[in-house]
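Examining the three-dimensional arrangement
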Amino acid sequence: MKKKIIIAIDGYSSCGKSTFAKAIARELNYIYIDSGAMYRAVTLYCIRNGFIEAGIPDRTAIISKLDDINIEFIFNPDIGEFETYLNSENVEKEIRSIEVSSHVSAVSKIAEVRTRMVALQRQIGVLKGIVMDGRDIGTVVFPDAELKIFMTASVDIRAKRRYDELLGKGIKVDFRDVRENIVSRDITDENRDISPLRRADDAVVLDNSRMTVEEQMVWVRSIIERKINES
Ligand code: DC
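Structural notes, computed from the coordinates. (Residues numbered from 1 in each chain as written. Predicted model: local features only at pLDDT ≥ 70, side-chain atom pairs only at ≥ 80, totals over all residues. Heavy atoms only, no water.)

Here we look at the overall build of the chain
So the rule is basically this: Counting from the N terminus, the helices are DSSP H or I runs at least four residues long and the strands are E runs at least two residues long. Between the two quantities, the radius of gyration covers C-alpha atoms and the globule rule is 2.2 Å times the number of residues to the power 0.38. Partly exposed residues are those whose accessible area sits between 20% and 50% of the maximum for their type, while under 20% is buried and over 50% is exposed, using a 1.4 Å probe and protein chains only. Counting rule applied: Lys, Arg positive; Asp, Glu negative; His and chain ends not counted. By convention, the charge on Lys lies at NZ, on Arg at CZ, on Asp at CG and on Glu at CD.
Along the backbone of the chain there are nine helices and 10 strands. In summary, the chain has a C-alpha radius of gyration of 17 Å against a globular reference of 17 Å for 231 residues, a match within 12%. Each of the three principal axes of the chain carries a C-alpha extent, and together these read 50 × 40 × 35 Å. Sorting the 231 residues of the chain into buried and exposed places 49% on the buried side. For the chain, the centre of its 35 positive side-chain charges and the centre of its 37 negative side-chain charges are spaced 3 Å apart.

Here it is as structure tokens:
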């Protein structure tokens, strides 16, 4: 049997990390974990419990409730994918809302939230055979991951993809709002004190501005093969 590795994919918002990560996981028969979904689930919990006021999260309240926030990924055989559960409730749709998107960067800046999510992510990765995407997977969560990919694409292309995705889901939004949200999340993600988004020194860079998913798969296959043989 082929050795299983950890594939860490980091990069900017809406640059197709999850689409790419899912395609890799499907091909290798690995588990795909969307670490952003975990920060989104915590954010949803905070919104529902009134822990965010005027865009500012109440750190003390959130930290005191961290033990009450249970996040799981449960496989849905109908769609062949894992879905995010918050305290036993499927929240896969709700965590993608604009409201959650606009508060998630602030919530994910809280050190205690990150410590807890990172511990959970490492637990999920113990058996390897996973593809995890996020902002700090190759730098903090799995610094020894056998393969690290850092993804990027131009802001306009990312905004257009996100806009089309929301429209496709029947969510009406203004293109400028979507673009603005992406730019502001880039700034917060890159400049926060704890685990900022940055390329790990040993990550390979993939700018997919002008690439289809299949072209990205062609690019990554030989790299994966080499990493598995080296591991
Ligand atoms: O990947 P995403 O856009 O769904 O992530 C949502 C937010 O969560 C993103 O703005 C930053 C945060 N995040 C993080 O801080 N660390 C991660 N590993 C993943 C996401």
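Here's the deal with the pattern of salt bridges
Cut-off, in case you're wondering: When a carboxyl oxygen of Asp or Glu is within 4 Å of a side-chain nitrogen of Lys or Arg, the pair counts as a salt bridge.
Tallied over the full model, the rule gives 23 salt bridges. Its salt-bridge partner being arginine 96, residue aspartate 34 comes within 3.0 Å of it at the nearest N-O pair. Here arginine 96 lies in the loop between β7 (89–90) and α4 (98–107) and aspartate 34 lies in strand β2 (residues 31–34), a separation of 62 residues in the sequence. Aspartate 34 gets classed as buried once you look at its relative accessible area, which sits at 13%. Arginine 179 is paired through a salt bridge with aspartate 156; the nearest N and O atoms lie 2.7 Å apart. One end of the pair, arginine 179, is in helix α8 (residues 175–191); the other, aspartate 156, is in helix α7 (residues 155–168), with 23 residues separating them in the sequence. Among the charged side chains, a network of salt bridges with common partners joins Glu27, Glu214 and Arg221.

Concerning empty space enclosed by the protein
Filter applied, for reference: Lining residues are those with an atom within 4 Å of a point, where the points come from a 1 Å grid over the protein atoms alone and group into cavities, where a 1.4 Å probe fits but cannot get out, or pockets, open sets with protein on both sides within 12 Å along at least five of seven lines. Grid points are joined across faces, edges and corners, and a volume is the space filled by probe spheres set on the points.
This structure, assessed with the given rule, holds one cavity of 30 Å³ or more. Volume-wise, the largest cavity comes out at about 40 Å³. In terms of lining, the largest cavity is formed by Ala8, Asp10, Gly138, Lys148, Ile149, Phe150, Arg198, Arg199, Ala200 and Ala203. When contributions to the lining of the largest cavity are tallied by element, the ones reaching two or more residues are β1 (6–11) and β9 (147–152). The biggest single contributor to the lining of the largest cavity is β9, with three residues.

Side note on the nonpolar core
Short version of the rule: Residues belong to a common nonpolar core when they are buried Ala, Val, Leu, Ile, Met, Phe, Trp, Tyr or Cys residues joined through side-chain atoms within 4.5 Å. Whether two residues are in contact is decided by their heavy atoms: any pair within 4.5 Å suffices.
Of all hydrophobic cores here, the largest spans 36 residues; its most connected members are Val42, Ile69, Ile71, Val113, Met117, Met132 and Phe142. Contributions of two or more residues to this core are made by β1, α2 (35–48), α3 (59–65), β5 (71–76), α4, α5 (111–125), β8 (130–134) and α6 (137–141). Per-element accounting of this core gives the leading share, eight residues, to α2. If we ignore the near neighbours within four places in the chain, the residues touching phenylalanine 142 are Ile6, Gln121, Arg122, Gly125, Ile130, Met132, Ile137 and Lys148.

What about the sheet that holds β2?
To keep it simple, the criterion reads: Two strands are said to pair when DSSP picks up at least two bridges between them. Note on geometry: axes are C-alpha line fits, over the in-contact stretch for helices, and angles between N-to-C directions span 0 to 180 degrees.
Strand order in this open sheet of five strands is β2-β8-β1-β9-β10, and the pairing throughout is parallel. The sheet is open, and its two borders are formed by β2 and β10 (204–207), each paired with just one other strand. Between one strand and the next, the sheet's axes are offset by a mean angle of 20°, whatever the strand orientation. Note: β9 against β10, four bridges, orientation parallel. Within β10, the position partnered with isoleucine 149 by the bridge is valine 204.

Focus: the sheet that holds β5
Taken together, three strands build an open sheet; the order of strands is β5-β6-β7 and the sheet is antiparallel. Each end of this open sheet is capped by a strand with a single partner; those strands are β5 and β7. Pairing geometry for β5 and strand β6 (residues 81–86), over six bridges, is antiparallel. Within β6, the residue paired with phenylalanine 75 across the bridge is phenylalanine 82.

On their own, these measurements won't tell you what the molecule is for.
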